[in-house]
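Chains, contacts and geometry: an overview
The residues making up each chain are set out below.
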Amino acid sequence: GVALSERMGGGGDDACGATSQPPVWSTRWDSGGRIDSHRISVAPMLECTDTHFRRVCRLVSRRAHLWTEMVNQDAVVHSWRSKPEMLAYGDEEHPLTVQLGGASPERLALAATVCDAEYRYDEINLNCGCPSARVVNKKDVATCFGAALMRDPEHVGECLRRMREAVDVPVTVKHRLGVRPTEKSADDSMDSYAFVSDFVDVVNQASGVKHFIVHARAAVLSGLSTTGNRTVPPLRHREVHALADDFPRLGFTINGGVETMDQAAEHLESGKLRGVMLGRAVYRNPALLAEVDARFYGDEPREAFRERYAGEARVAGRWDADGFDNFANRFGGDSGENRTEDDLLGSRGSFFALGGTDTGRAHCVTRRDVLERYAAYGDAVCAMNLHHTAKFPNALLTPRRLAKAVLGLGHGTRGGGAFRRACEREFGEWTRRLRAGEPPETLSFSNLARAAAGAVHADDLDAPLKASCATARAHGEARYG
């Protein structure tokens, strides 16, 4: 098989660490100079945290712990051979957790085996927090999963026990603080601190799982949309901190309602929580991760890398460290003899190496850096999907997914909205060209990204990556008062 890059951590419950300079503060999960990667995580989000978005995140932060979208146990068990791209990822995405959804101990164990043995994920998580009606309100109660599983802690413990027995990597669980049948229901028997405390105790005793990722809200199982379940039930952050106090030998990561890195730092200050997980805030604005490596993992601030190669010619397109050398052969050139399964899927071979010898160039310092590096990746992905692009010129599914993942870089910039609209105009032009008979090989994702980025103010594109652009904010205040 193709050699993997070194996996973050080992096979124990404290795996997925990363070595770097000492942080401002430390937790008991840091040891031997290894900073636990779970300190800051990007939450699993359906139709959001695909491999494209994860690569955007990795260009902004080399340390944050990334998660896949939730993948159904049966999809993994029955389709991983016929649709291996379902779980594919690039080496640069580590440390990476795959989240499984399901309720069968046997099939969850099989799915976990595939994720570990075939895909080499760093960690496997069981979803016990999704409130979607599609998973919690099935006709056959035995097949309900997500937040509905919290109603039976013993069963959750059995599922996790079987998963742990099947793999050599850590297994974790992500859950809510409790569940309610409806929003107005007076039945709070499964929505109290006593309930969630008992849930944690029972699951830990039955499975040995030691890391609990807690969304600090209850889940409403009926009558409230998935979006409503992220906003209507009140946040109860104190209860997550209380769990950390009451179960000092377990690890807890807090999730829900954390919008800024200042808020994340406040949660971590006590040293009792293992980590903080952010979701929609990062998806809306990936630049939120820009300060993570220096602030939470003790890395050198990215501004230092800007100075290191200031004045050099801008690195655009492809270069050897990105793994794009011999591009034509790797992605279907003259003979195609050198094409391998890993080249096609990108699951074991890195599209772009972030840990090269030239550390300065391995870091993206500005939004333009991220766009250029990501656009090179986009070219490779499009090259692997030429047939589908030509067959469905109106849909352009793969190019649109690529663009969707990077749109958040325009957040908070002057011209950010125009950036999104420019992408859509460019896709309209792609459709026109394809329907006119132009071959898909002539289309360039790099050119599309470059043209759309022209809508963003150059000063914001070339400013050091931060959660917000001060010049753009000042411009808005001056304009709107």
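So, about the packing of helix α1 (residues 51-60) against helix α16 (residues 367-383). Where α1 contacts α16, the axes come no closer than 10 Å and their chain directions differ by 150 degrees. Compared by their axis directions, α1 and α16 come out roughly antiparallel. The crossing of α1 and α16 is right-handed. On α16, the residues that touch Thr 51, His 52, Arg 55, Val 56, Leu 59 and Val 60 of α1 are Val 370, Arg 373, Tyr 374, Tyr 377 and Val 381. Here the contact of α1 with α16 is built from residues that sort into 7 nonpolar, 2 polar and 2 charged.

Take helix α5 (residues 153-166) next. Its 14 residues place the ends of α5 20 Å apart at the C-alpha level, agreeing with the 20 Å of an ideal helix rising 1.5 Å per residue. By the burial criterion, the buried members of α5 are Pro 153, Val 156, Gly 157, Cys 159, Leu 160 and Met 163. For α5, the arc enclosing every buried residue in end-on projection is 160 degrees, short of the 170-degree limit, so these residues lie on one face. Away from its buried face, by an angle of more than 90 degrees, α5 presents the exposed residues Glu 154 and Glu 165.

We now examine the sheet that holds strand β5 (residues 96-101). Judged by pairing direction, the sheet is parallel, and its 8 strands sit side by side in the order β3-β10-β9-β8-β7-β6-β5-β4 without closing on themselves. The sheet is open, and its two borders are formed by β3 (40-42) and β4 (66-72), each paired with just one other strand. Each adjacent strand pair in this sheet contributes to an overall mean axis angle of 25 degrees, direction not counted. Sheet analysis places β3 next to strand β10 (residues 275-278), joined by 3 bridges and oriented parallel. Counterpart to Val 42 in the pairing with β10 is Leu 278.

For the rest of this paragraph, the subject is a negative patch on the surface. Residues Asp 152, Glu 154, Asp 198 and Asp 201 make up a contiguous surface patch of negative charge. Within the secondary structure, Asp 152 sits in the loop between α4 (133-136) and α5. Residue Asp 152 is classed as partly exposed on the basis of its relative accessible area, which comes to 37%.

Before going further, it helps to spend a moment on the nonpolar core. Membership of the largest hydrophobic core comes to 117 residues, with the highest contact counts inside it found for Ile 40, Leu 100 and Phe 252. With 7 residues, the single largest contributor to this core is α16. Beyond its immediate stretch of four places on either side in the chain, Ile 40 contacts Ala 64, His 65, Met 261, Ala 264, Leu 268, Val 276, Leu 278, Val 292, Phe 296 and Tyr 297.

Before going further, it helps to examine the pairing of strand β7 (residues 171-180). With 10 of 10 residues buried, β7 is to be regarded as a mostly interior element. Alignment of strand β6 (residues 123-128) against β7, held across 5 bridges, turns out to be parallel. Note on β7: the bridge partner recorded for Cys 128 is His 175. Sheet topology note: the β7/strand β8 (residues 211-220) ladder contains 7 bridges and is parallel. Pairing of Val 179 across the sheet is with Ala 219, part of β8. Viewed along the sheet, the connection from β7 through helix α6 (residues 193-207) into β8 turns out right-handed.

Let us now look at the environment of Ala 88. Examined against the element boundaries, Ala 88 turns out to sit in the loop between α2 (73-79) and β5. Taking C-alpha positions, Ala 88 is 9.5 Å from Asp 50, a pair spaced 38 residues apart along the chain.

With respect to the helices, strands and loops of the structure, His 211 is situated in strand β8. Polar contacts involving the side chain of His 211 include one to the side chain of Thr 253, which spans 2.9 Å. The contacts of His 211, once residues within four sequence positions are left out, are His 38, Glu 123, Thr 172, Val 173, Gly 251, Phe 252, Thr 253 and Arg 274.

Across the junction of His 94 and Pro 95, the peptide omega takes the value -5 degrees, indicating a cis bond. Residue placement: Pro 95 occurs in the loop between α2 and β5. Even without a glycine there, the phi angle at Arg 120 is positive, about 60 degrees. For Arg 120, the position within the fold is in the loop between α3 (105-117) and β6.

Moving on, we get to the confidence of the model for the protein chain. In the predicted model, the protein chain carries a mean pLDDT of 83, and the fraction of residues at 70 or more is 79%. Note that pLDDT drops below 50 for residues 18-22; the model gives that stretch 18 contacts with residues more than four away or on any other chain. Considering only residues more than four positions removed or in separate chains, one finds that residues 308-361, a stretch of pLDDT under 50, has 108 contacts.

Further remarks concern α3. With 13 residues, α3 should reach 18 Å at 1.5 Å per residue; the first-to-last C-alpha distance of 18 Å fits that figure. Listing the buried residues of α3 in full gives Pro 105, Leu 108, Ala 109, Ala 111, Ala 112, Val 114, Cys 115 and Asp 116. Among the structural elements, α2, β5, β6 and α5 are those in contact with the buried residues of α3.

Attention now goes to the packing of aromatic side chains. Taken as a whole, this structure holds 8 aromatic pairs when the rule is applied. Taking the centre distance of 5.7 Å and the plane angle of 25 degrees together, the rings of Phe 212 and Phe 252 count as stacked. Of this pair, Phe 212 sits in strand β8 while Phe 252 sits in strand β9 (residues 251-255), placing them 40 residues apart in sequence. Residue Phe 212 shares its accessibility class with Phe 252, and that shared class is buried. Taking 5.5 Å as the distance between ring centres and 50 degrees as the angle between the ring planes, the aromatic pair formed by Tyr 374 and Tyr 377 counts as tilted. Of this pair, Tyr 374 and Tyr 377 both sit in helix α16, separated by 3 residues, roughly a single helical turn. You'll find Tyr 374 and Tyr 377 in the same group, each marked buried. What links up through ring pairs into an aromatic cluster is the set Tyr 89, Tyr 119 and Tyr 121.

Each value, and the rule that gives it
- Residues numbered from 1 in each chain as written.
- Predicted model: local features only at pLDDT ≥ 70, side-chain atom pairs only at ≥ 80, totals over all residues.
- Heavy atoms only, no water.
- Axes fitted to C-alpha atoms, helices over the stretch in contact; angles between N-to-C directions.
- Helix = DSSP H or I, 4+ residues; strand = E, 2+ residues; numbered from the N terminus.
- Parallel < 35°, antiparallel > 145°, perpendicular 65-115°, else oblique.
- Left-handed = near helix turned anticlockwise from the far one by under 90°.
- Contact = heavy atoms within 4.5 Å.
- Nonpolar A, V, L, I, M, F, W, Y, C, P; charged D, E, K, R; others polar.
- Expected span 1.5 Å × (residues − 1).
- Buried < 20%, exposed > 50% of the residue type's maximum accessible area, 1.4 Å probe, protein only.
- Arc of directions from axis to C-beta.
- Pairing = 2+ DSSP bridges.
- Patch = residues over 30% accessible without salt bridge, like charges linked within 9 Å, V, L, I, M, F, W, Y side chains within 5 Å.
- Areas by Shrake-Rupley, 256 points an atom, 1.4 Å probe, with all protein chains shown as cover.
- Salt bridge = Lys/Arg side-chain N within 4 Å of Asp/Glu carboxyl O.
- Lys, Arg positive; Asp, Glu negative; His and termini not counted.
- Charge placed at Lys NZ, Arg CZ, Asp CG, Glu CD.
- Core = buried A, V, L, I, M, F, W, Y, C linked by side-chain atoms within 4.5 Å.
- Right-handed = clockwise from strand over helix to strand, strands pointing away.
- Polar contact = N/O pair within 3.5 Å; in protein donor to acceptor, adjacent residues only side chain to side chain.
- pLDDT = per-residue confidence, 0-100.
- Phe/Tyr/Trp six-rings, centres within 6.5 Å; stacked < 30°, edge-to-face > 60°.

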